[in-house]
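# Geometric and topological summary
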Amino acid sequence: MNTMEIEFKFCIPAGRLKAVEAALRRGAVVRTRLQARYFDTADQRLVADGMVLRLRKEGRRWVQTVKAAGDNALHRLEHNVDLGTGAAAPAIDPARHAGTPVGERLARLLQLADGAPVPLVERQSTDIVRLTRDLRVSGPGGAVVEMALDVGKVVVHAGTPAQRTSPVCELELELKSGDVQGLVALARRWSQQHGLWFSTVSKAERGMRLLAEQETVPAVKAEAPRFPAHSRDGRALQQAVVASCLDQMLPNASEIAAGSTDEEQIHQLRIGIRRLRTALRELAGLDADTSRFDAATWEPPLVDAFRALGELRDREQVVKLAQPRLREAGAPEVDPLAGDASDAAAAPALTPGDIVRAAAFQDVLVSLIGFTAAAPESTGPTPLAADAALQLLRERLQRLHKQAVRDGRRFESLATEHQHRARKRLKRLRYLAEFAAPLFAETEGGKKKKDAAERYLKALRPAQDALGAFNDEAVALALYREVASRDPRAWFAVGWFSARRAAGATACRQALERIGEAPRFWKKK
């Protein structure tokens, strides 16, 4: 069976498992034991490409399955082959998936340069008890969703008698028929009621990490949007850009929600949130139906998470950068992160995981994933046509460009809050330019436009660096002022950073003014 799988997967907090199971059992459930074996090459090329090849015993039947990532966070390509019943496991055979899109992709990965097949090895296994229930969701279009509660473990042998295991406790919601928005509504309801968080980590990836004894994975960075070839109207552009932002945000948020405190993952999640907020602000108007692109509802939880994560990270990062420079200048030793006596009675600070698992933040992630997966509607207001959408992007880029240059001319005379606003505008210009660059390259001149966009983005970097350093010193100055109220030794740092403000503002002005000289890739010839 060849399908496009559309599903949400949520991790379940240990203390909520009983409540989730009880809620699931309010309808008719089916209990199945799933014992799966996962295969890959010795160099793990399948998992590196986001593919899974498994042989699974479902009750008494054996099923061979291959999966691969689809167009967005909800979609997965999947092909299943029923191999019947039997006590012994059948041999794995990739040829069973021949003639399907995902099967052809699998065949390419498993082929050596000389055409010979790459050998497969069993990398891991799972032993899962699954409870499933089909639920009909009422509403426009309707939907039938299969809910699957998986509890068990992933096991790897790593070539030794000793096993390593990772527990599994997750809820999957898969659309069987009907409108994807019915799936989204159900996912929002269950995640809110039970404190679930969206996870991007598959069982296959859990096993890979066990094999590698990997506790932290690299942070996921931003990549350019992938615009659909079949449609370039305003709504399609919105969906592609939001999907690009989510591609960066979701893996990092998934790791942090599971307990990671990795600084780079937190940093990249914040960048993803800022990119998404730029998209919500600057792409409004590409679709006349604002109920679909609901920026007013989506943005507040994103702002709250961004600020809360920033409060945890920014001070530590600024101090890490500032202290060596202060020591070199002869400053007395001060620990600006050590609280005063009144802090001892304060409530415990939120962790990064608390912030990401917050109900409002998870709700907006689910809603945005649903937005990227929504199919075009035949009724209601229509989005801007491709040419009009491109023209709107030109106008938005030109406006932000002019604002950056204007901010530069008067930067030294701006109030502190307006200097900070200039930095935020520059970031919006950069992110919007990154979103639009591949679109202009594809539609208006290919490599020439691509090269022009790269030159323009390169021209923004000196101003980004200057304003970033200026902001870091402003944060440091405010922090040491606060510390000076209880530790007079901090006044050295206050004076040192205060003395640097004028030169820093001049550097920002000069860098912003030079942006005016950069050729704008969005301009028509």
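These remarks concern the structure in this document. (Residues numbered from 1 in each chain as written. Predicted model: local features only at pLDDT ≥ 70, side-chain atom pairs only at ≥ 80, totals over all residues. Heavy atoms only, no water.)

## Remarks on the overall build of the protein chain
A tally of regular secondary structure across the protein chain gives 14 helices and nine strands. Compactness check: the protein chain gives a C-alpha radius of gyration of 26 Å against a globular reference of 24 Å for 525 residues, within 12% of the reference. Here the contacts in the protein chain between residues at least 6 apart in sequence split such that 74% fall between residues at least 24 apart. In the form shown here, the protein chain has an accessible surface area of approximately 25000 Å², with 52% of it arising from carbon and sulfur atoms. Looking at the protein chain, you have 80 positive and 66 negative side-chain charges, and the mean spots of the two groups are 3 Å apart. (Helix = DSSP H or I, 4+ residues; strand = E, 2+ residues; numbered from the N terminus. Rg over C-alpha atoms; globule rule 2.2 N^0.38 Å. Contact = heavy atoms within 4.5 Å. Areas by Shrake-Rupley, 256 points an atom, 1.4 Å probe, with all protein chains shown as cover. Lys, Arg positive; Asp, Glu negative; His and termini not counted. Charge placed at Lys NZ, Arg CZ, Asp CG, Glu CD.)

## A word on the packing of helix H11 (residues 386-409) against helix H12 (residues 416-443)
The contact between H11 and H12 brings their axes to 9 Å, and the two run at 145°. Both H11 and H12 take part in a crossing whose hand is left-handed. Judged by residue contacts, Leu-390, Leu-393, Arg-394, Arg-396, Leu-397, Leu-400, His-401, Gln-403, Ala-404 and Asp-407 of H11 engage Ala-422, Arg-425, Arg-428, Leu-429, Leu-432, Ala-433, Ala-436, Leu-439, Phe-440 and Thr-443 from H12. The residue makeup of the contact of H11 with H12, split by class, is twelve nonpolar, three polar and five charged. (Axes fitted to C-alpha atoms, helices over the stretch in contact; angles between N-to-C directions. Left-handed = near helix turned anticlockwise from the far one by under 90°. Nonpolar A, V, L, I, M, F, W, Y, C, P; charged D, E, K, R; others polar.)

## Considerations on the pattern of salt bridges
Pairing is possible between side chains of opposite charge, provided their charged atoms come close. Inspection of every chain in the model, using the stated rule, returns 35 salt bridges. One salt bridge in this structure joins Arg-277 and Glu-299, with 3.2 Å as the shortest N-O distance. Residue Arg-277 is found in helix H7 (residues 263-282), and its partner Glu-299 is found in helix H8 (residues 295-328); the two are separated by 22 residues along the sequence. Glu-282 serves as the salt-bridge partner of Arg-399, at 2.7 Å between the closest nitrogen and oxygen. Remark: Glu-282 occurs in helix H7 and Arg-399 occurs in helix H11; sequence separation between them is 117 residues. The class of Arg-399 is partly exposed, set by a relative accessible area of 34%. Of the residues examined, Glu-282 reaches a relative accessible area of 1% and is grouped as buried. (Salt bridge = Lys/Arg side-chain N within 4 Å of Asp/Glu carboxyl O. Buried < 20%, exposed > 50% of the residue type's maximum accessible area, 1.4 Å probe, protein only.)

## Let's talk about helix H3 (residues 101-109)
Within the span of H3, buried status applies to Val-102, Gly-103, Leu-106 and Leu-109. Axial view of H3: buried residues confined to an arc of 120°, hence all on one face. In H3, the exposed positions that point more than 90 degrees away from the buried face belong to Pro-101 and Arg-108. Looking at the buried side of H3, the elements it contacts are helix H2 (45-48), strand E3 (51-58), strand E4 (61-69) and strand E5 (75-85). (Arc of directions from axis to C-beta.)

## Comments concerning the side chain of Arg-209
Assignment of secondary structure puts Arg-209 in helix H5 (residues 203-212). If sequence neighbours within four positions are ignored, Arg-209 has contacts with Val-201, Gln-214, Val-217 and Glu-255.

## With respect to the pairing of strand E2 (residues 30-40)
In the sheet, E2 pairs with strand E6 (residues 121-137) via eleven bridges, with the strands oriented antiparallel. By the bridge assignment for E6, Arg-37 is matched with Ser-125. In terms of strand pairing, E2 meets E3 through six bridges, oriented antiparallel. Looking across to E3, one finds that Tyr-38 is bridged to Arg-54. (Pairing = 2+ DSSP bridges.)

## Structural notes on helix H6 (residues 234-257)
Residues spaced three or four apart along an α-helix face the same direction, because each turn holds 3.6 residues. The first and last C-alpha atoms of H6 sit 33 Å apart over 24 residues, in line with the 34 Å expected at 1.5 Å per residue. When the local axis directions of H6 are compared, the greatest deviation, roughly 30°, occurs at Leu-246. For H6, the tally of buried residues reaches 22 of 24 residues, placing the bulk of the element in the interior. You can read the cap of H6 off the contacts: a side-chain oxygen lies 3.2 Å from the backbone nitrogen of Arg-235, and it is on Asp-233. Positive backbone phi, approximately 120°, marks Gly-259, located one or two places after H6. (Expected span 1.5 Å × (residues − 1). Bend = angle between axes of the 7 residues up to and from the residue. Polar contact = N/O pair within 3.5 Å; in protein donor to acceptor, adjacent residues only side chain to side chain.)

## What about the packing of aromatic side chains?
According to the stated counting rule, one finds 13 aromatic pairs in the structure shown. Centroid distance Trp-496 to Phe-497: 5.1 Å. Interplanar angle 80°. Geometry classified as edge-to-face. A relative accessible area of 21% means that Trp-496 is categorised as partly exposed. A network of ring pairs unites the aromatic residues Phe-440, Tyr-456, Phe-521 and Trp-522 as a single cluster. When the ring centre of Phe-306 is taken as reference, the NZ or CZ atom of Arg-277 above it lies at 5.8 Å. For Arg-357, the ring lying beneath its charged end belongs to Trp-197, and the centroid distance is 5.8 Å. (Phe/Tyr/Trp six-rings, centres within 6.5 Å; stacked < 30°, edge-to-face > 60°. Lys NZ or Arg CZ within 6 Å of the ring centre and 35° of its normal.)

## Re the packing of H7 against H12
The interhelical angle for the contact between H7 and H12, taken along N-to-C directions, is 80°, at an axis separation of 9 Å. Of the possible angle classes, the one that applies to H7 and H12 is roughly perpendicular. Residues Ile-271, Arg-274, Arg-275, Thr-278, Ala-279, Arg-281 and Glu-282 of H7 touch H12, and the partners they reach there are Lys-424, Lys-427, Arg-428, Tyr-431, Leu-432, Glu-434 and Phe-435. Its residues assigned to classes, the contact of H7 with H12 shows five nonpolar, one polar and eight charged. (Parallel < 35°, antiparallel > 145°, perpendicular 65-115°, else oblique.)

## Some words on the environment of Arg-275
Position of Arg-275 among the secondary structure elements: in helix H7. Sequence separation of Arg-275 and Glu-434 is 159 residues, and the distance between their C-alpha atoms is 9.7 Å. Ignoring sequence-local partners within four residues, the contact set of Arg-275 consists of Ala-222, Glu-223, Ser-244, Cys-245, Gln-248, Tyr-431, Glu-434 and Phe-435. Looking at Arg-275, its side chain comes within polar contact range of the main-chain oxygen of Glu-223, at 3.5 Å.

## Comments concerning unusual backbone geometry
Unusually for a residue other than glycine, Gln-44 sits at a positive phi of about 60°. With respect to the helices and strands, Gln-44 occurs in the loop between E2 and H2. Here Gln-44 falls in the partly exposed class, since its relative accessible area comes to 22%. With a phi angle near 50°, Glu-213 is a residue other than glycine that sits in the positive phi range.

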